[in-house]
Amino acid sequence: MKKQIIICLSALLTASSCSMLELDESTGMSKDEVYGYFKNVKGLATYVYSQLPNDFGTFNGALRESATDNAVYVWSDSNVHDFYNHAWGPNNAVDNMWSQCYGAIRSANSFMENYSAEALERFQWNDKYEEDIEKANMYREELRVLRAFFFFELAKRYGDIPLLTRTYNQNEINQVTKTPFDQVIAFICNECDEAAKVLPINQKDFYGETGRVTKGTALALKSRALLYAASPLHNLSNDKAKWEKAATAAYELITKGWYSLPKINKDPLYDANGGNEVLNSPQLIFERRNSASNNFEENNLPISYEQGKTGNVPTQNLVDAFQTKDGKDFDWNSGDDPYANRDPRFYRTVLCNGDTWMKQTIESYEGGKDGEGTEGATKTGYYLKKYMNETVSLDPSKPVTKEHHYILFRYAEVLLNYAEAMAEWKGESYTDDKHTMTATAALNQVRNAANMPNITTTGDAFKESVRRERRVELAFEDHRFWDIRRWKIGEQTQKIYRTKITKQSDGSFRYEKVLLEERNWENKMYLYPIPLSEQILNNNLGQNPGW
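The paragraphs below set out a description of the structure included in this document.

The rules behind these values
Per-chain numbering applies: the sequence of each chain, read as written, is numbered from 1 onward. Local features are withheld for residues below a pLDDT of 70 in this predicted model, meaning they are given only at 70 or higher, and side-chain atom pairs are given and counted only at 80 or more; totals for whole chains, interfaces and linings count all residues. Values shown for side chains rest on all heavy atoms present in the structure; no hydrogens or waters enter the calculation. Secondary structure elements follow DSSP: runs of H or I no shorter than four residues count as helices, runs of E no shorter than two count as strands, and numbering proceeds from the N terminus. The globule rule used for comparison is 2.2 Å times the number of residues to the exponent 0.38, while the radius of gyration itself is calculated over C-alpha atoms. Throughout this description, buried means an accessible area under 20% of the type-specific maximum (1.4 Å probe, protein chains only), exposed means over 50%, and partly exposed covers the range between. Note on contacts: a residue pair qualifies if any of its non-hydrogen atoms lie within 4.5 Å across the two residues. Here the open area of atoms and residues is found with the Shrake-Rupley method and a 1.4 Å probe, where only the protein chains shown may cover a residue. A positive count includes Lys and Arg, and a negative count includes Asp and Glu. His and the chain ends are not counted in either. Lys charges are placed at NZ, Arg charges at CZ, Asp charges at CG and Glu charges at CD. What makes a nonpolar core is a set of buried Ala, Val, Leu, Ile, Met, Phe, Trp, Tyr and Cys residues whose side-chain atoms join them at distances within 4.5 Å. Note: two strands are recorded as paired if DSSP finds a minimum of 2 bridges between them. Helix axes are fitted only over the stretch in contact, all axes being lines through C-alpha atoms; the angle between N-to-C directions runs from 0 to 180 degrees. For this classification, under 35 degrees means roughly parallel, over 145 means roughly antiparallel, 65 to 115 means roughly perpendicular, and everything else is oblique. Helix crossings are classified by the rotation of the near helix relative to the far one: an anticlockwise turn of less than a right angle makes the crossing left-handed, while a clockwise turn makes it right-handed. Definition used for salt bridges: Asp or Glu carboxyl oxygen within 4 Å of a side-chain nitrogen of Lys or Arg. Take the residue count of a helix, subtract one, and multiply by 1.5 Å to get its expected span. Within this scheme a cavity is a closed region of a 1 Å grid, computed over the protein atoms alone, that accommodates a 1.4 Å probe without allowing it to escape, whereas a pocket is open but has protein on both sides within 12 Å along at least five of seven lines; lining residues each have an atom within 4 Å of a point. Grid points are joined across faces, edges and corners, and a volume is the space filled by probe spheres set on the points. In this classification, Asp, Glu, Lys and Arg are treated as charged, Ala, Val, Leu, Ile, Met, Phe, Trp, Tyr, Cys and Pro as nonpolar, and every other residue, Gly included, as polar. Only centres within 6.5 Å qualify two rings of Phe, Tyr or Trp (six-membered ring in Trp) as a pair; their planes then separate them into stacked at under 30 degrees, edge-to-face at over 60, and tilted for everything else. Comment: the charge-over-ring label is applied if NZ (Lys) or CZ (Arg) is within 6 Å of the ring centre and within 35 degrees of the ring normal. As used in this structure description, the phrase polar contact means that two N or O atoms lie within 3.5 Å; if the pair is within protein, one of them must be able to donate a hydrogen and the other to accept it, and residues adjacent in sequence are counted only when both atoms belong to side chains.

**What to know about the overall build of the chain**
So, step 1. Within the chain, the secondary structure is distributed over 15 helices and 14 strands.
So, step 2. Scaling as 2.2 N^0.38, a compact globule of 547 residues should have a C-alpha radius of gyration of about 24 Å, and the chain matches this with 24 Å.
So, step 3. For the C-alpha atoms alone, the extent of the chain along its principal axes is close to 80 × 60 × 50 Å.
So, step 4. Out of the 547 residues in the chain, the part that is buried amounts to 58%.
So, step 5. Put simply, of all contacts in the chain between residues at least 6 apart along the chain, 67% involve residues at least 24 apart.
So, step 6. Surface summary for the chain: the accessible area is close to 22,800 Å², and the carbon and sulfur share equals 45%.
So, step 7. Averaged over its 65 positive side-chain charges, the chain has a centre that lies 2 Å from the centre of its 76 negative ones.

Set out below in structure tokens:
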């Protein structure tokens, strides 16, 4: 019987999306035939790329950010609410990435086991053979990093996980056991190191291909993985050596000089209408490419806009995290306009009462067309701006769509990783021969790019400054949910605040910070429950504490 392998069949016929299928005799193609054509080999690699995460509304339109104190999803029919309303559990896994990640991992393992350059030698007389064979060989290294990425996606959710580095038959797969989290992280880092030796710095220089894994992708993944491993959730004894490893990994990428942080008004990544222009950002490391659409705008535009559904709305908690432009916290007792002279990133993240968007004025005050009293309006007084593209159109008669590429790694995160790890390891002012930049300098690079003044705090206050900076810089980029968990601050995020906006008789507005809701938190929620369906198949998996 011919050996079964995983293949994305439609990738062999078309460039459109596809599903993962088991290949056997019924397809009419053997392993040798599949791996014996460059087109097929590329299709197999591309399938693994297609499994990269893409949170533009994973939970019935809701972002994962709406399961944090950064945002609220206004509609009750999304399962994002299950994260904090006592409905989450092994039988309702909600964000069940177990099957998707292991499916991608199995595809990568199958490629590594079955791909052979020798199978393609019969095309050596083709004009593009040398180029095609180099690309095919590079796919293997790219998939090593992608496989490591999917292992990390599993580990950050579940902690200890089965580390499956080969394909398994049905009997074997239901007997596998879990590997400790630290060993999984060590494997991820080793894979990244080995692949980085081969991968190009820039895929544009490798036969002009873009959107693929590079050296920077590998080193950025290593940096993130080691930061998580050093964090309180996985570093109960606060082993300083783990923080040192995290700092060293981040600094390795920083010193390469491959990426930079331009000023906020010159970086296409911060441009709300960026579309494909975000791909030109000098801080972009790796992204999931997406086709043009206007779905994100439809799901998040105010209810008063044509076909707008409101969707994900920022909280007052997040708004309060944005300082004033002189680096101070906003004082609600000052009587000042709460939206004047704020951190420039605030105006690229949040739509407020009185803002103009798509030639309409936001009216999120009580009784306004976008405010309290209007069904389907924001519950917090705010609307989402980040990722929204003002140039799309939801007019059914003449719709306009734009690309929405999902950022997976960028340079600002690496600088923040370094600042956090250095501060936890040796303090905000420490340097040595291997770490010649202080944590303070790294943090202030990010702030200065946003035209914000330097941070001069020290000790625990500096560490809190780093956490605040991650929150505002990386808002809605799927970091807050995981930062809450790795820092073990769940109990600090239960109270969700909004602003109550009242229009006065003179046309001015009164703003009041009030409690919107208090969410459930239990410490078992620091890790995901292992899905019951997987436990039934394999009782070796056990269950995470508390579930």
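**Describing the nonpolar core**
So, step 1. With 153 residues, the main nonpolar core has Phe 83 and Ile 188 as its most contacted residues.
So, step 2. For Phe 83, the contacting residues outside a window of four places in its chain are Phe 59, Ala 67, Trp 88, Val 94, Asp 95, Phe 481, Met 525 and Tyr 528.

**Looking at the pairing of strand β4 (residues 284-288)**
For a regular strand, side-chain orientation follows a simple rule: the groups alternate between the two sheet faces.
So, step 1. Of all 5 residues that make up β4, 5 are buried, and the element is covered over most of its length.
So, step 2. Pairing geometry for β4 and strand β12 (residues 406-410), over 4 bridges, is antiparallel. The partner of Glu 287 across the bridge, within β12, is Ile 407.

**Here we look at the packing of helix α11 (residues 411-425) against helix α13 (residues 459-473)**
So, step 1. Where α11 meets α13, the axes come as close as 10 Å, and the angle between the chain directions of the two elements is 165°. Classed by the angle they form, the pair α11 and α13 counts as roughly antiparallel. Crossing angle aside, the handedness with which α11 passes α13 is left-handed. Contacts between α11 and α13 involve Ala 412, Glu 413, Leu 416, Asn 417, Ala 419, Glu 420, Ala 423 and Glu 424 on the former and, on the latter, Phe 462, Lys 463, Val 466, Glu 469, Arg 470 and Glu 473.

**With respect to the pattern of salt bridges**
So, step 1. Per the counting criterion, the structure on display carries 41 salt bridges.
So, step 2. Two residues, Asp 69 and Arg 471, come together in a salt bridge whose shortest N-O distance is 3.2 Å. Here Asp 69 is found in the loop between α2 (38-49) and β3 (71-73), whereas its partner Arg 471 is found in helix α13, with 402 residues between them in sequence. Each member of the pair, Asp 69 as well as Arg 471, is classed as buried.
So, step 3. Asp 483 serves as the salt-bridge partner of Arg 486, at 2.9 Å between the closest nitrogen and oxygen.

**Topic: the packing of helix α4 (residues 129-158) against helix α6 (residues 181-196)**
In a pair of packed helices, the angle between the axes and the distance between the axes together describe the arrangement.
So, step 1. Between α4 and α6, the least distance of the axes is 9 Å, while the angle of their chain directions is 160°. One element, α4, and the other, α6, form an angle in the roughly antiparallel class. Crossing of α4 against α6: the hand is left-handed. Contact with α4, carried on its side by Glu 141, Arg 144, Val 145, Arg 147, Ala 148, Phe 151, Phe 152 and Ala 155, involves Phe 181, Val 184, Ile 185, Phe 187, Ile 188, Glu 191, Cys 192, Glu 194 and Ala 195 of α6 and no other residues of that element.

**Some thoughts on α4**
So, step 1. Across its 30 residues, α4 extends 43 Å between first and last C-alpha, which sits within 8% of the 44 Å expected from 1.5 Å per residue.
So, step 2. Burial analysis of α4 places 24 of its 30 residues in the buried class, which makes it a mostly covered element.

**A word on helix α14 (residues 480-487)**
So, step 1. Across the 8 residues that make up α14, a large majority, 8, are buried.
So, step 2. When α14 is considered as a whole, its buried residues turn out to be Arg 480, Phe 481, Trp 482, Asp 483, Ile 484, Arg 485, Arg 486 and Trp 487.
So, step 3. If you follow the buried residues of α14, they end up packed against α4, α7 (215-230), α11 and α13.
So, step 4. A positive phi of about 60° marks Lys 488, the residue just after α14.

**Here we look at empty space enclosed by the protein**
So, step 1. A full pass over the atoms with the stated rule returns 6 cavities of 30 Å³ or more.
So, step 2. Quantified by volume, the largest cavity comes out at close to 330 Å³.
So, step 3. Taken together, the residues that form the lining of the largest cavity break down as 8 nonpolar, 6 polar and 8 charged.

**Here we look at the packing of aromatic side chains**
So, step 1. By the definition in use, this model includes 39 aromatic pairs.
So, step 2. Seen from their ring centres, Tyr 251 and Tyr 418 are 5.0 Å apart, and the 20° between their planes marks the pair as stacked. With Tyr 251 in helix α8 (residues 240-254) and Tyr 418 in helix α11, this residue pair connects regions lying 167 residues apart in the sequence.
So, step 3. Plain terms: the ring middles of Phe 330 and Trp 332 are 5.5 Å apart, the flat faces sit at 85° to each other, and that makes the pair edge-to-face.
So, step 4. Grouping aromatic residues by their ring pairs yields a cluster made of Phe 59, Phe 83, Trp 88, Trp 98, Tyr 102, Tyr 158, Phe 481, Trp 482, Tyr 528 and Trp 547.
So, step 5. Stacked on the ring of Tyr 168, the Lys or Arg Arg 166 has its end atom at 4.0 Å from the ring centre.
So, step 6. If you follow Arg 485 out to its NZ or CZ, it ends over the ring of Phe 481, 3.7 Å from the centre.

**Points about the side chain of Arg 467**
So, step 1. Residue placement: Arg 467 occurs in helix α13.
So, step 2. Despite being buried, Arg 467 has no salt bridge partner; Glu 464 is the closest side chain of opposite charge, sitting 4.2 Å away.
So, step 3. In contact with Arg 467, not counting residues within four places along its chain, are Trp 487 and Ile 489.

**Regarding the pairing of strand β13 (residues 495-503)**
So, step 1. Two strands pair when backbone bridges link them, and β13 and strand β14 (residues 509-518) are joined in this way by 9 bridges, in the antiparallel orientation. Bridged to Lys 500 within β14 is Glu 512.

**Overview of the side chain of Lys 386**
So, step 1. If you trace the backbone, Lys 386 turns up in the loop between β10 (383-384) and β11 (402-403).
So, step 2. A polar contact is formed between the side chain of Lys 386 and the backbone oxygen of Ala 475, at a distance of 2.8 Å.
So, step 3. Every residue in contact with Lys 386, bar those within four places of it in the chain, is listed here: Phe 296, Arg 348, Thr 349, Arg 410, Glu 473, Leu 474, Ala 475, Phe 476 and Glu 477.

**Observations regarding unusual backbone geometry**
So, step 1. For Asn 238, which is not a glycine, the phi torsion comes out positive at approximately 50°.
So, step 2. Positionally, Asn 238 belongs in the loop between α7 and α8.
So, step 3. Phi is positive for Met 358, close to 55°, though the residue is something other than glycine.
So, step 4. With respect to the secondary-structure elements, Met 358 resides in the loop between β8 (356-357) and β9 (360-361).

That is the geometry; function is a separate question.
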